[in-house]
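# Chains, contacts and geometry: an overview
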Amino acid sequence: MSIAQLDQRELILFDLDGTLVDSASDLYRAMNMSLNVLQLPFVTEEQVRVWIGKGSSKFCESVLKHLTGGLNPEQHQQLLETFLEIYNADPCVDTVPFPGILEFLQWGKAQGKKMICVTNKPEQPARSILDILGLTEYFDDTIGGDRFSERKPDPRQLLHCVEYYGVTKDQVLMIGDSVNDIEAARRAGVDCIVVSYGYNHGENIADCDPQEIVDDLRELLA
């Protein structure tokens, strides 16, 4: 029995990277362009897929620890600023929605569900990606990691949605792909389903004690 219980949900919250869209190749491209600026060696797309999922700062930290064996705060700041500038200017070249996403969003819209994108990515590139992919019309709001001073796994973004839309917690469902989403939902007191195909810092999502895992969101509509 799925915990989705979609008929009773008024508000569905979605993570972006690794849940709605596969953005790894654009993050990989922007990172190598940034490393080039700093005259550092390149990384591979396979490595990038392991390091993403916990925000840009953590991503840059993982890259530098791999390349230099340590973390120089000044270099970290320099890489982060360079990366954000390059990535935010062009965040959606090869990024695509995962299979089943469009059908699920179309279903949600037809059912009159309120749907919010809740991401740790800064709001501007998050909105750009949804715009370019034609997904903006499905969302009532996109809450980036820079909207509040706290971000996932802090429950602040999720609790804002509960409060703002005037719903009870059992009317809310979070859909994500990482331990950040599971933890934020747990702390907010809302149910959370995770997808098996996302980015979880190289860890198996099943090891993070999720309530439910699906391979494709269309499974929830069956």
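Report follows, based on the coordinates. None of the values given here were measured: they were computed from a predicted structure.

### Details of the overall build of the protein chain
- Check the secondary structure of the protein chain and you find 8 helices and 8 strands.
- For the protein chain, the C-alpha radius of gyration of 17 Å lies close to 17 Å, the compact-globule estimate for 222 residues.
- C-alpha atoms of the protein chain, sized along the principal axes, occupy 55 × 35 × 30 Å.
- Here the protein chain holds 222 residues, and the buried ones make up 52% of them.
- Long-range pairs, those at least 24 residues apart, make up 66% of the contacts in the protein chain with a sequence separation of at least 6.
- As displayed, the protein chain offers around 10,000 Å² of accessible surface, 47% of which is attributable to carbon and sulfur atoms.
- Here the protein chain carries 19 positive and 36 negative side-chain charges, and the mean point of each set is 4 Å from the other.

### Thoughts on the pairing of strand 1 (residues 11-14)
- Alternating residues of strand 1 divide into Leu11 and Leu13 and Ile12 and Phe14, and every residue in both groups is buried.
- Looking at chain direction, strand 1 and strand 4 (residues 114-118) are connected through 4 bridges and run parallel. Bridge pairing in strand 4 links Ile12 to Met115.
- Pairing analysis gives 4 bridges linking strand 1 to strand 6 (residues 172-176), with the strands arranged parallel. Considered in strand 6, the bridge of Ile12 is made with Leu173.

### Notes on unusual backbone geometry
- Here Lys152 and Pro153 are connected by a cis peptide whose omega angle stands at 15 degrees.
- The topology assignment puts Pro153 in the loop between strand 5 (141-143) and helix 7 (156-164).
- Even without being glycine, Gln5 reaches a positive phi, approximately 40 degrees.
- With respect to the secondary-structure elements, Gln5 resides in the segment before strand 1.
- Even without being glycine, His201 reaches a positive phi, approximately 55 degrees.
- Along the chain, His201 falls in the loop between strand 7 (191-195) and strand 8 (212-214).
- Taking the relative accessible area as the measure of exposure, His201 reaches 17% and is therefore buried.

### What to know about the sheet that holds strand 7
- As summarised here, the arrangement of the 6 strands in space is 5-4-1-6-7-8, forming an open sheet in which the pairing is parallel. Unpaired on one side and paired on the other, strand 5 and strand 8 mark the two borders of the sheet. In this sheet, adjacent strand axes meet at a mean angle of 25 degrees when their direction is disregarded.
- Relative to strand 7, helix 8 (residues 179-188) is tilted by about 170 degrees, and along the sheet it contacts strand 6 and strand 7.

### Section: the pattern of salt bridges
- One pass over the full model with this rule turns up 20 salt bridges.
- We note a salt bridge from Asp191 to Arg9, for which the minimum N-O separation is 2.8 Å. One end of the pair, Asp191, is in strand 7; the other, Arg9, is in the segment before strand 1, and 182 residues separate them in sequence.
- For Asp191, a relative accessible area of 24% translates into the label partly exposed.
- Salt-bridge contacts for Asp26 lead to Arg29; the nearest nitrogen and oxygen are separated by 3.1 Å. Pair noted here: Asp26 and Arg29 are both in helix 1 (residues 24-37), with a separation of 3 residues, about one helical turn.

Cut-offs used in this document
Residues numbered from 1 in each chain as written. Predicted model: local features only at pLDDT ≥ 70, side-chain atom pairs only at ≥ 80, totals over all residues. Heavy atoms only, no water. Helix = DSSP H or I, 4+ residues; strand = E, 2+ residues; numbered from the N terminus. Rg over C-alpha atoms; globule rule 2.2 N^0.38 Å. Buried < 20%, exposed > 50% of the residue type's maximum accessible area, 1.4 Å probe, protein only. Contact = heavy atoms within 4.5 Å. Areas by Shrake-Rupley, 256 points an atom, 1.4 Å probe, with all protein chains shown as cover. Lys, Arg positive; Asp, Glu negative; His and termini not counted. Charge placed at Lys NZ, Arg CZ, Asp CG, Glu CD. Pairing = 2+ DSSP bridges. Axes fitted to C-alpha atoms, helices over the stretch in contact; angles between N-to-C directions. Salt bridge = Lys/Arg side-chain N within 4 Å of Asp/Glu carboxyl O.

Read these as spatial facts, not as claims about activity.
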